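Coordinate inspection notes
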Amino acid sequence: MAEVLTIGRAPTPSVDAKRSAVRWLSYAFFAMALLFAAVAAALGDVFFFRLATESLIFGGLALSVDLLLGRTGLLPLGQALFFGFGAYVSALTLKHLAPSLPLALAVVLVSGTLVGLVGGLIAIRAKGVYFALISFGLAQVVSKIVFNTRELGASDGLIGVPAPVVSLGVASFDTAHAPSFFLLVLAGMAALLALLMRLMDTPFGRQLDAIRTNEHRLAFLGFDPWRYKLAAFVLAADIAALSGALYPMLRGFVSPELMFFQVSGNAVINVVVGGTGTFVGALYGSALLTALKSVVGSFTAHHAIVIGALFVVSVIFFPKGLVGYLAPALERLWSRR
Amino acid sequence: MLDWLQFVLAPQVVNGLSIGVAVVLMALGLTIIFGLLDVINMAHGEFYAIGAYAALALIGVGLPFWWALALTPLLMAAVGYATERALIQRVFHSKDRHTLTLLLTFGIAIVLEDILKIVFGANPLRIEQPITGATEMFGLFFPNYRLFLMAVGAVVIAAVWLVVFRTRLGAMVRAAAFDRHMAASLGVPVSVVYAGTFAFGVALAGLSGVLLAPIYSVFPTMGRDFVLIAFSVVIIGGMGSIKGAVIAGLLLTQVQSISSLVISPVWSDPLLFGIMVLVLMWRPHGLFGRLGHG
Amino acid sequence: MKPTTDDAILKVRGLTVRFGSLVAVDGVGFDAQRGHITAVIGPNGAGKSSLFNLISGAFRPSAGQVLLEGRDVTGASPNRMLAAGLSRSFQITNLFFELPVRENLRLAAQSVEGGRGLLRHVSASRAAQRRVDELIERFALHARADELAGFLSHGEQRRLEIAVALAARPRLLLLDEPTQGMSHADTQDTAALIRSLVDDGLSILLVEHDVDLVMDLSDHVVVMHQGAKLAEGRPEAVRADPAVQAAYFGEVQEPAHA
């Protein structure tokens, strides 16, 4: 969805100004997160920390979707495949190898890259709709296989995953300690966000934007779009897998549900509601929808209908999403001063 | 050998055919919606499920199955028409139409599935088979309901083909699909045609749901499971190709049916999916797909 | 000073392409000299666009050969063509409309760097940045450099279209109806621009509908008719050729006014 970079009619503000509004909103997100942490610590309730951490973890998955959808122009409907993969591999590593966070992440990164490569080779040859459906199908098929595999716990999944202790030289903290883990994941997401934003200012990242805008012309400029799309796909798979790797550390278990379409779908919803192509929009979207689900969920089990309806309204009336509208509005506000 | 053919293979083939016609109906709806509206209907599975539930509800208030079979497609057509006019047409004119309609129908699917859960509960329900017993042919017993299913399916498929290719209505619809503005200037009521086409596709999904309800059980996520095979059929057959939907639909269900003799059902979906991927690699537009679509 | 020795940068031999039963290009052969402007003209449906598509690698020919600087590039993909020194512009403007002018040019200029610097910040690529600035100056796009390409006027877009094709420093530039839809003033400016490019050593192969413009601008003209080459030679000779006149007879060739 290319509308993010299309700002408005005349006069045309420069693209840099819009990006600085997005940057400001990114800082705002993390500032608000820290504020939230302070409040939650004061309230002393672990539940909020865990919920917020979960929203960040799924936010990471949403970031991977935004890289593909918002930038490269590919709609993935099965990204949960890599998320769940990362979760399972992480759980297995923590349980059977060693309860070490860096080890789990390293194993997930390597295996995720391989799996992403295989998935990418299958899916990238397809364009548009076909890509979406192949990605959907891949996730359906693999999740069904996992669901039926006794060695992986079948429908119950894997439980009893130990929470590793992270030592950073001077200090060490237990990931089972909710506030510490929240801060760790927050830092991780901040780093990821910074990385992604920086990536889009490299020739590689700009190629992705170009592919989304006019793939056809690129071959005539001397580039092979296929390679870039594959690289983007693998990178997105890695991001999704690494995010998933954090899940068992938070909850102590993994289950096939993590690969189900629900998760893929929610990731896409997070991105669209938050603001396609803005990256930080994915995090905002995830936070918003996690909060909404929690609130609605306390009244009824049917939060899906509320979220679904919100999404439908968003697609029809606010296709640019939260950040997609806020950023230009902020920019206009600033340019008036 | 002959025995194996007669007592093992043949029943599977017949089985496959009976499911096959229902799959073809579903795929036809999907491919018509895509071919004529350029819309990927991610909610198609949910309309299939609603069809089954609608039949269930009608039977629940005392109507015989035959009434449910006749009324449900009409109900579904109304639902489809309303959906298209109220929701889909709103994003139709956007430059990002393909992505937006995909996302929109995907959102609609989520909402519809949850509505089904709310209204009917999450537990599987059953519809009694309206025709019981079996007929003996060639030394085998074929369940009557399945024979009936094949007959109804075949008739409807033939009717669809006739309408699309041999009637003025069909010509009008194809004209509108080909060139909206030209069709409009020729007096074709384009908005109505679009909504009507969507309604028609949805009705076919609903009909499929009713027909298969007595065979499979009825549960809120039945649509999502079933839509993958429908999409596979449409993609393999070629998006927008009616001939493709019929041939691919019948072939794939045969593959599924016969392969169930040697592999466990868990591998059935992966097999179909694998075939879809291979076909896409060899012929990116499907077997009978036309360039310029998808 | 135009080179006088026979120095063909492009040799096309027996180039043919069939679409089903339609023979769109039928055994076309000609040479384009280095440092010259070679124009391909012909009535509608003559096969000029198809010829361009064959030479630039958009389609594979059914038969024939394309030699670029002596190397056989027949049927090569567009990005290999670019690496070999051939770049093209498009008749229907094919820019990155949602990206700024500067970014359009930077993308095109980036390919000169190859795979190096892929993950460095874009501003680190000095060579590409310099090229972008150069092109903006040359094509008078300074006032609009930070605008999105989609918001430019038609004439500005057509200029940008050429600039983008030029960014990767090709040795042979294919221009597909560069003045399409332009006003008379813009057309003259573009003609002057094209001449200045050649003065710098570039070779140009041009498809144009505006016959007067072609006669003024080109050193060598190839006339196509119904997929085959009808005539070839210096502009004056071609114009006087009775066969060419017969082919165009009944076609009112208006100079491209606004």
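Residues numbered from 1 in each chain as written. Chains lettered and ligands numbered in written order. Predicted model: local features only at pLDDT ≥ 70, side-chain atom pairs only at ≥ 80, totals over all residues.

This part covers the overall build of chain C. Helix and strand content of chain C: nine helices and ten strands. Taken against the 2.2 N^0.38 rule, which gives 18 Å for 258 residues, the C-alpha radius of gyration of chain C at 18 Å falls within 12% of a compact globule. Its C-alpha atoms put chain C at 55 × 40 × 40 Å along the principal axes. Per-residue burial over chain C gives 45% buried out of 258 residues. Sequence-distant contacts, at least 24 apart, represent 65% of the contacts inside chain C between residues at least 6 apart. (Helix = DSSP H or I, 4+ residues; strand = E, 2+ residues; numbered from the N terminus. Rg over C-alpha atoms; globule rule 2.2 N^0.38 Å. Buried ≥ 20, exposed ≤ 12 C-beta atoms within 10 Å, placed from the backbone. Contact = placed C-beta atoms within 7 Å.)

Time to look at the overall build of chain A. Scanning chain A from terminus to terminus reveals twelve helices and two strands. Each helix and strand of chain A, ordered N terminal to C terminal, gives the series α-α-α-α-α-β-β-α-α-α-α-α-α-α. Against the compact-globule benchmark of 20 Å for 337 residues, chain A has a radius of gyration of 20 Å, which places it among compact chains. Its C-alpha atoms give chain A principal-axis dimensions of roughly 60 × 50 × 45 Å. The 337 residues of chain A split such that 55% are buried. At a minimum sequence separation of 6, the contacts of chain A that also span at least 24 residues come to 77%.

Bringing the sheet that holds strand β6 (residues 86–88) of chain C into the picture now. All names here are of chain C. Here we have six strands laid out as an open sheet, ordered β6-β7-β8-β3-β9-β10, and mixed in their pairing. Of all strands in the sheet, those with a lone pairing partner are β6 and β10 (228–233), marking the two edges. The average undirected angle you get between the axes of adjacent strands in this sheet is 20°. Pairing of strand β7 (residues 172–176) with strand β8 (residues 203–207) involves five bridges; the strand directions are parallel. (Pairing = 2+ DSSP bridges. Axes fitted to C-alpha atoms, helices over the stretch in contact; angles between N-to-C directions.)

Each partner contributes to the interface: chain A provides 23 residues, whereas chain C provides 28 residues. Per-element accounting of the side of chain A that touches chain C gives the leading share, eleven residues, to helix α7 (residues 203–220) of chain A.

What follows concerns the arrangement of the chains. Sorting the two pairs of chains in contact by contact count puts chains A and B at the top. Structurally, chain B and chain C remain out of contact, their C-alpha atoms never closer than 12 Å.

The subject of this paragraph is the nonpolar core. Judged by nonpolar contacts, the single largest core of 276 residues is most densely connected at M26(B), A27(B), L28(B), L104(B), A230(B) and V233(B). Element by element, the count of residues in this core is highest for helix α8 (residues 225–251) of chain A, at 16 residues. The contact partners of L28(B), leaving out residues within four places of it in the chain, are I157(B), V160(B), L204(B), I242(B) and A245(B). (Core = buried A, V, L, I, M, F, W, Y, C linked by C-beta atoms within 7 Å.)

This part is about the pairing of strand β1 (residues 8–19) of chain C. Residue and element names in this part refer to chain C. Across eight bridges, β1 lies against strand β2 (residues 22–33) in antiparallel orientation. Paired with F19 across the strands is L22, a residue of β2. Linking β1 back to β2 in an antiparallel pair, the connection comprises two residues, with G20 at a positive phi of about 65°. Direction of pairing for β1 relative to strand β4 (residues 63–68): antiparallel, over a ladder of five bridges. The partner of L10 across the bridge, within β4, is L68.

All names here are of chain C. What the four strands build is an open sheet, ordered β2-β1-β4-β5; its pairing is antiparallel. Of all strands in the sheet, those with a lone pairing partner are β2 and β5 (71–72), marking the two edges. Where β4 and β5 come together, two bridges link them in antiparallel fashion. Note that in β5 the partner of L67 across the bridge is D72.

In this fold, E161(C) is placed in helix α5 (residues 154–166). In this structure the C-alpha to C-alpha distance between E161(C) and F30(C), which are 131 residues apart in sequence, comes to 26 Å.

All names here are of chain A. Relative orientation of the contacting elements helix α2 (residues 46–72) and helix α6 (residues 178–199) amounts to 20°, with a least axis distance of 9 Å. Relative to α6, the element α2 is oriented roughly parallel. When the axes of α2 and α6 are compared, the crossing they make is left-handed. Contact residues: V46, F49, R50, A52, T53, L56, I57, G59, G60, L63 and L67 in α2; A178, P179, F181, F182, V185, L186, M189, L192 and L196 in α6. The class makeup of the residues in the contact of α2 with α6 is 16 nonpolar, three polar and one charged. (Parallel < 35°, antiparallel > 145°, perpendicular 65-115°, else oblique. Left-handed = near helix turned anticlockwise from the far one by under 90°. Nonpolar A, V, L, I, M, F, W, Y, C, P; charged D, E, K, R; others polar.)

So, on to the interface of chain B and chain A. By a widespread convention, an interface's size corresponds to the accessible area lost as its parts come together. On the chain A side, the residues contacting the 33 residues of chain B number 33 residues. Looking at the side of chain B that touches chain A, the elements that each hand over two or more residues are α3 (65–91), α4 (97–120), α9 (222–237) and α11 (268–282) of chain B. Considering each element in turn, the side of chain B that touches chain A owes the most residues, 15 residues, to α4(B). Broken down by class, the residue content of the side of chain B that touches chain A amounts to 23 nonpolar, four polar and six charged.

Residues and elements named next belong to chain C. End to end, helix α6 (residues 184–199) covers 23 Å across 16 residues, agreeing with the expected 22 Å (1.5 Å per residue, within 8%). Those residues of α6 that are buried lie in contact with β3 (37–41), β8 and α7 (211–217). At the exit of α6 stands G201, carrying a positive phi of roughly 105°. (Expected span 1.5 Å × (residues − 1).)

A few words now on the packing of α2(A) against helix α10 (residues 280–297) of chain A. Residue and element names in this part refer to chain A. Between α2 and α10, the least distance of the axes is 8 Å, while the angle of their chain directions is 135°. With respect to their mutual orientation, α2 and α10 come out oblique. Of the two possible hands of crossing, α2 and α10 adopt the one that is right-handed. Mapping the contact onto sequence places L51, E54, S55, F58, G59, A62, L63, V65 and D66 in α2 and A282, L283, G285, S286, A287, T290 and S294 in α10. By residue class, the composition of the contact of α2 with α10 is eight nonpolar, six polar and two charged.

Moving on, we come to helix α3 (residues 80–97) of chain A. Between its terminal C-alpha atoms α3(A) stretches 24 Å, which fits the 26 Å expected from 18 residues at 1.5 Å a residue. In terms of burial, α3(A) is a largely internal element, 14 of the 18 residues being buried.

Another point: unusual backbone geometry. Leaving glycine out, the prevailing phi sign among residues is negative, and the prevailing peptide bond configuration is trans. All names here are of chain C. At A140, a residue that is not glycine, the phi angle is positive and equals roughly 55°. Relative to the helices and strands, A140 is located in the loop between α4 (126–138) and α5. The backbone of Q226 sits at a positive phi, close to 50°, despite the residue not being glycine. By the element assignment, Q226 lies in the loop between β9 (220–225) and β10.

Next up on the list: the pairing of strand β1 (residues 134–137) of chain B. For β1(B) and strand β2 (residues 140–143) of chain B, the ladder comprises four bridges, and the chain directions are antiparallel. Each residue of the ladder has a partner; that of M137(B), found in β2(B), is L140(B).

Any region with low pLDDT has predicted coordinates that should not be read closely. All names here are of chain A. Taken residue by residue, chain A gives an average pLDDT of 88. The fraction at 70 or more is 93%. Within chain A, strand β2 (residues 171–174) has the poorest average pLDDT of any element, 77, and α8 the best, 96. Note on residues 1–14: pLDDT under 50 across the span, and 38 contacts to partners over four residues away in sequence or across chains. (pLDDT = per-residue confidence, 0-100.)

Turning our eyes to something else, we now look at the confidence of the model for chain C. All names here are of chain C. Chain-level statistics for chain C give a pLDDT mean of 86 and a share of 93% at 70 or above. Between the elements of chain C, mean pLDDT differs from a low of 81, seen in helix α9 (residues 242–248), to a high of 94, seen in β7. Both scores are available for the predicted complex, with the pTM at 0.88 and the ipTM at 0.84.

Moving on, we come to the environment of I110(B). In this fold, I110(B) is placed in helix α4. Residue class for I110(B) comes out buried when judged on the 24 C-beta atoms lying within 10 Å of it. With residues near it in sequence (within four places) discarded, I110(B) still touches G265(A), A304(A) and G308(A).

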